[in-house]
Amino acid sequence: ASHTAALYTAVHRALTADLPELLRLAADALATVPAPPDLAGWSELTREELFRLAPVCGSLVVLLFGLPACVLCEPRIGRTGEYWLTRVALLRGIGLLYVFAFASSAMQGRALFGARGLFAPATGSSGPTPALDLLAAAGVGSADARVELASLCGLLLSLLLAFGGPRFALWAPLPASLWLLHLSLVNNASRLLPAHSWEWAASELGFLAIFLAPEWPPSTLYPRLLPPPSAVLLLFRWHLFRLLLGAGLSRLADHSPSCWRRLDCAAAHHETQPMPTPLAWLLHGMPARWRAAEAAVSLAALILAPFAALLPSRAARLATFWIEAGVQVGSMASGNVGFANWAALVPALALLVPAL
């Protein structure tokens, strides 16, 4: 009875408080987007206003044209093995993201959010924490124990998603359970994480994975009767578009360092980033023109390439994938920024499907 009451409370809070708050925040964000009343007004927009308008335009293209096209063309799309392979790669990649997230929480949760940690326990979290609420209703009284138990359960389940057989990796309840566990831990740590977008990106990817996996546990990784939904694959590309474009525009906004506009940010980046590698030392010593080319390629991969990810041309999408893969792998080889690079690399796998 206590478990049912805790579940009811979590669902009721999500529907009556969290969902309206989310819609309000979305409405407030859209209200700040500049909307010129006529064509002449577009020429008067400032650079900052154009930056705020760009992701909205891309999102409207997906919502107004991409998703309806997926629904109408779904029965006629020729399914090749690449569709099933892409789904498996996406689910395995999200499983690895979860492995990093839950392992980090299991090792650092008590030190960061425990009773004697750097941050006080989140007794009144600003977001839903259904997994922690269920553990509390089950009698796990210590907040430290609840966080560690949820982290260890998530680590075990994420290993099944990343390396388990088809009955685990391709069954929707598994990514759904992982998403609830991860959402609970992220909201529990919301005091520390607002500036770390990759945690929220991993949570969104995990939510999309629920609808990518079949509702029934198949006996093979490539169940012909349960193809991956085209609309969900398109939403992965939309997620990649927003993630990369937001990162790129933040580097050129008025409040960002001017070194990005001068193309010399790489001069300081390689020596000031977290845990620079020997490759970072080598790149830091390269000529100024090389470092300027690094900055230009990075900006192009973050601002121009995301638009190619939404094009119907497969050649454009494949080129975008290899550009993004090269940039992210190069970033991982020259430093350590958590799993932010993985959070951008995993959704890029959705660019490999032959259609859409």
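Analysis parameters
- In this numbering scheme, every chain counts its residues from 1 along its sequence in written order.
- Totals for whole chains, interfaces and linings use all residues, but because this is a predicted model, local features are given only for residues with pLDDT of at least 70 and pairs of side-chain atoms are given and counted only at 80 or more.
- Here the side-chain values reflect all heavy atoms present in the structure, with hydrogen atoms and water set aside.
- Numbering of helices and strands starts at the N terminus; helices are DSSP runs of H or I of at least 4 residues and strands are runs of E of at least 2.
- For every residue, the accessible area (1.4 Å probe, protein chains only) is compared with the maximum for its type, and the residue is labelled buried under 20%, exposed over 50%, or partly exposed between those bounds.
- Every residue pair with non-hydrogen atoms within 4.5 Å of one another is taken to be in contact.
- Note on method: axes are straight lines fitted to C-alpha atoms, helices fitted across the in-contact stretch only, with angles between N-to-C directions ranging 0 to 180 degrees.
- Angle categories: roughly parallel below 35 degrees, roughly antiparallel above 145, roughly perpendicular from 65 to 115, and oblique for all the rest.
- Should the near helix be turned anticlockwise from the far one by less than a right angle, the crossing is left-handed, and should it be turned clockwise, the crossing is right-handed.
- Residues are grouped as follows: Ala, Val, Leu, Ile, Met, Phe, Trp, Tyr, Cys and Pro are nonpolar; Asp, Glu, Lys and Arg are charged; every other residue, Gly included, is polar.
- Note on terminology: pairs of cysteine sulfur atoms within 2.5 Å are recorded as disulfides.

**Points about the overall build of the chain**
Across its full length, the chain carries 16 helices and zero strands. Relative to its full complement of 356 residues, the chain shows a buried share of 41%. The long-range fraction of contacts in the chain, counting pairs at least 24 apart against all pairs at least 6 apart in sequence, stands at 77%.

**As for the environment of Pro 227**
By the secondary structure assignment, Pro 227 is in the loop between helix 8 (197-212) and helix 9 (230-252). Relative accessible area serves as the criterion here: at 34%, Pro 227 is assigned to the partly exposed category. Pro 227 sits 14 residues away from Ala 213 along the chain, and the two C-alpha atoms are 9.2 Å apart.

**Focus on the packing of helix 4 (residues 130-137) against helix 7 (residues 173-188)**
Two elements in contact, helix 4 and helix 7, have axes separated by 6 Å at closest approach and are oriented at 95°. Comparing the axis directions of helix 4 and helix 7 gives the class roughly perpendicular. Between helix 4, through Pro 130, Ala 131 and Leu 132, and helix 7, the contact on the second element is made entirely by Leu 180, Leu 181, Ser 184 and Asn 188.

**Thoughts on the side chain of Arg 92**
Among the secondary structure elements, Arg 92 is positioned in helix 3 (residues 81-113). What makes Arg 92 buried here is its relative accessible area of 19%. Not counting chain neighbours up to four residues away, the residues in contact with Arg 92 comprise Leu 160, Leu 161, Ala 162, Phe 163, Gly 164, Ala 169 and Leu 221.

**A look at the packing of helix 4 against helix 5 (residues 143-163)**
With their axes 10 Å apart at the nearest point, helix 4 and helix 5 run at an angle of 120° to one another. In terms of axis orientation, helix 4 runs oblique to helix 5. As helix 4 runs across helix 5, the sense of the crossing is right-handed. Packed against helix 4, whose contacting residues are Leu 132, Leu 135 and Ala 136, the element helix 5 presents Arg 146, Val 147, Leu 149 and Ala 150 at the interface. Within the contact of helix 4 with helix 5, the residues separate by chemical class into six nonpolar, no polar and one charged.

**Description of unusual backbone geometry**
At Leu 263, a position not held by glycine, the phi torsion is positive, near 60°. Structurally, the position occupied by Leu 263 is in the loop between helix 10 (259-262) and helix 11 (266-272).

**Let's talk about the environment of Glu 271**
Residue position: Glu 271 is located in helix 11. Along the sequence, Glu 271 and Trp 281 sit 10 residues apart, while their C-alpha atoms lie 7.2 Å from each other.

**Points about the state of the cysteines**
Within the structure shown, the criterion is met by one disulfide. The disulfide bridge from Cys 259 ends at Cys 265, spanning 1.6 Å between sulfur atoms. Residues Cys 259 and Cys 265 share a disulfide whose torsion about the S-S bond is about 45°; that sign makes it right-handed. An identical accessibility class is assigned to Cys 259 and Cys 265; each is buried.

The analysis is restricted to geometry; functional conclusions fall outside its scope.
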